[in-house]
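# Residue-level structural notes
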Amino acid sequence: MAADLDLHARLVAGDLDALAAAYDEHSPFVYGVAVKITGSRAFAEEITQDVFVALWEQPLSYEPRYGSLRGWLVSKALHASAVRAEVG
């Protein structure tokens, strides 16, 4: 949890290295969920990118006191994947 708090503070401050660290640590989980739900590596790559762009552009939308960064990212991936799977 302390690592999430640190990453969050760094992201809010605009630290690009924090985004890289979050991506390195959590992208396999985000991608894995997306590919499992959509059945498409291409869609999963797009969803993974969108999830991390959203984190970068709106770091305050993640609130560390409500849960882990990984959980928040995977939740966003689940939602985006479900929407993508419905659309086809």
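Preceding this section is the structure that the text describes.
Residues numbered from 1 in each chain as written. Predicted model: local features only at pLDDT ≥ 70, side-chain atom pairs only at ≥ 80, totals over all residues. Heavy atoms only, no water.

For the pair helix α2 (residues 16-38) and helix α4 (residues 69-87), interaxial distance at closest approach is 9 Å and the crossing angle is 30 degrees. In terms of their interaxial angle, α2 and α4 are classed as roughly parallel. The handedness of the crossing between α2 and α4 is right-handed. Note on element contacts: α4 touches α2 through L69, R70, L73, V74, A77, L78, S81, A82, R84 and A85, opposite A22, E25, H26, F29, V30, V33, A34, I37 and T38. (Axes fitted to C-alpha atoms, helices over the stretch in contact; angles between N-to-C directions. Helix = DSSP H or I, 4+ residues; strand = E, 2+ residues; numbered from the N terminus. Parallel < 35°, antiparallel > 145°, perpendicular 65-115°, else oblique. Left-handed = near helix turned anticlockwise from the far one by under 90°. Contact = heavy atoms within 4.5 Å.)

Moving on: the packing of aromatic side chains. Scanning the entire structure with this criterion turns up two aromatic pairs. Summarising the aromatic geometry, the rings of Y23 and F52 are spaced 5.0 Å apart at their centres and angled 70 degrees between planes, so their arrangement reads as edge-to-face. Residue Y23 is located in helix α2, and its partner F52 is located in helix α3 (residues 41-57); the two are separated by 29 residues in the primary sequence. By relative accessible area, F52 is classed as buried at 4%. Each ring, one from Y62 and one from W72, has its centre 5.8 Å from the other, and the planes form 55 degrees; the classification is tilted. (Phe/Tyr/Trp six-rings, centres within 6.5 Å; stacked < 30°, edge-to-face > 60°. Buried < 20%, exposed > 50% of the residue type's maximum accessible area, 1.4 Å probe, protein only.)

Quick look at the side chain of D4 now. With respect to the helices and strands, the residue D4 is situated in helix α1 (residues 2-12). One buried charged side chain, D4, makes no salt bridge at all; its nearest oppositely charged neighbour is R70, positioned 7.9 Å away. Residue contacts for D4: discarding those within four places in its chain leaves H26, Y62, S68 and L69. (Lys, Arg positive; Asp, Glu negative; His and termini not counted. Salt bridge = Lys/Arg side-chain N within 4 Å of Asp/Glu carboxyl O.)

Turning our attention to α4. Between its terminal C-alpha atoms α4 stretches 27 Å, which fits the 27 Å expected from 19 residues at 1.5 Å a residue. Buried within α4 we find L69, W72, L73, V74, A77 and S81. Considering only its buried residues, α4 is in contact with α1, α2 and α3. (Expected span 1.5 Å × (residues − 1).)

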